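Architecture at a glance
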Amino acid sequence: MFAHEQTLYIIGLTQQNFKLILDLAPKDLVLKYYENLDNIDLKKADYIIAKL
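The text that follows walks through the structure, step by step, so that each part is easy to find. (Residues numbered from 1 in each chain as written. Predicted model: local features only at pLDDT ≥ 70, side-chain atom pairs only at ≥ 80, totals over all residues. Heavy atoms only, no water.)

Notes on the side chain of glutamine 6
Let me state the cut-off plainly: Strands here are runs of E lasting at least two residues and helices are runs of H or I lasting at least four, both read from the DSSP assignment and numbered beginning at the N terminus. As used in this structure description, the phrase polar contact means that two N or O atoms lie within 3.5 Å; if the pair is within protein, one of them must be able to donate a hydrogen and the other to accept it, and residues adjacent in sequence are counted only when both atoms belong to side chains. Pairs of residues are marked as contacts when any of their non-hydrogen atoms sit within 4.5 Å.
Take glutamine 6: it is sitting in the segment before β1 (7-11). Side chain to side chain, glutamine 6 and tyrosine 47 meet in a polar contact 3.2 Å long. With sequence-adjacent residues up to four places away left out, glutamine 6 is seen in contact with Asp28, Leu29, Val30, Asp46 and Tyr47.

Here we look at the pairing of β1
The side chains of a regular strand alternate, first on one face of the sheet and then on the other. Rules: Type-normalised accessible area, obtained with a 1.4 Å probe on protein chains alone, sets the label of each residue: buried when under 20%, exposed when over 50%, and partly exposed for intermediate values. DSSP-based pairing: two strands are paired if at least 2 bridges between them are found. The handedness rule is simple: strands pointing away from the viewer, and a clockwise path from the first strand over the helix to the second, make the crossover right-handed.
The element β1 is largely enclosed, with a buried count of five among its five residues. A two-sided burial pattern is seen for β1, the buried positions comprising Thr7, Tyr9 and Ile11 on one face and Leu8 and Ile10 on the other. Bridge analysis of β1 against strand β2 (residues 30-34) gives five bridges, and the strand direction is parallel. Bridging from a neighbouring strand, leucine 8 pairs with leucine 31 of β2. Taken together, β1, helix α1 (residues 15-24) and β2 form a β-α-β motif whose crossover is right-handed. Here four bridges tie β1 to strand β3 (residues 47-50), and the two strands are oriented parallel to one another. Paired with leucine 8 across the two strands is tyrosine 47, which belongs to β3.

Some thoughts on the sheet that holds β1
Within a sheet, adjacent strands bond to each other through the backbone by hydrogen bonds, running parallel or antiparallel. Keep this limit in mind: Only the contacting stretch of a helix is used when fitting its axis, a line to C-alpha atoms as for every element, and angles between N-to-C directions run 0 to 180 degrees.
The strand order across the open sheet formed by three strands is β2-β1-β3, and the pairing between neighbours is parallel. The open sheet terminates on both sides in strands that have one partner only, identified here as β2 and β3. The average undirected angle you get between the axes of adjacent strands in this sheet is 15°. Seen against the sheet, α1 touches β1, β2 and β3 and runs at an angle of roughly 175° to β2.

Written as structure tokens, this is what we have:
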């Protein structure tokens, strides 16, 4: 459907919330979990969920 894999960055949420999103997200969506904004290139993300 898309020309590249769709990537969702999840930043600063608890592991429990990440696992919930992982269960609900479409299986072809690549999820990446980060604890903070250090060393993240946000330009590579198609979608972002963050608690800052």
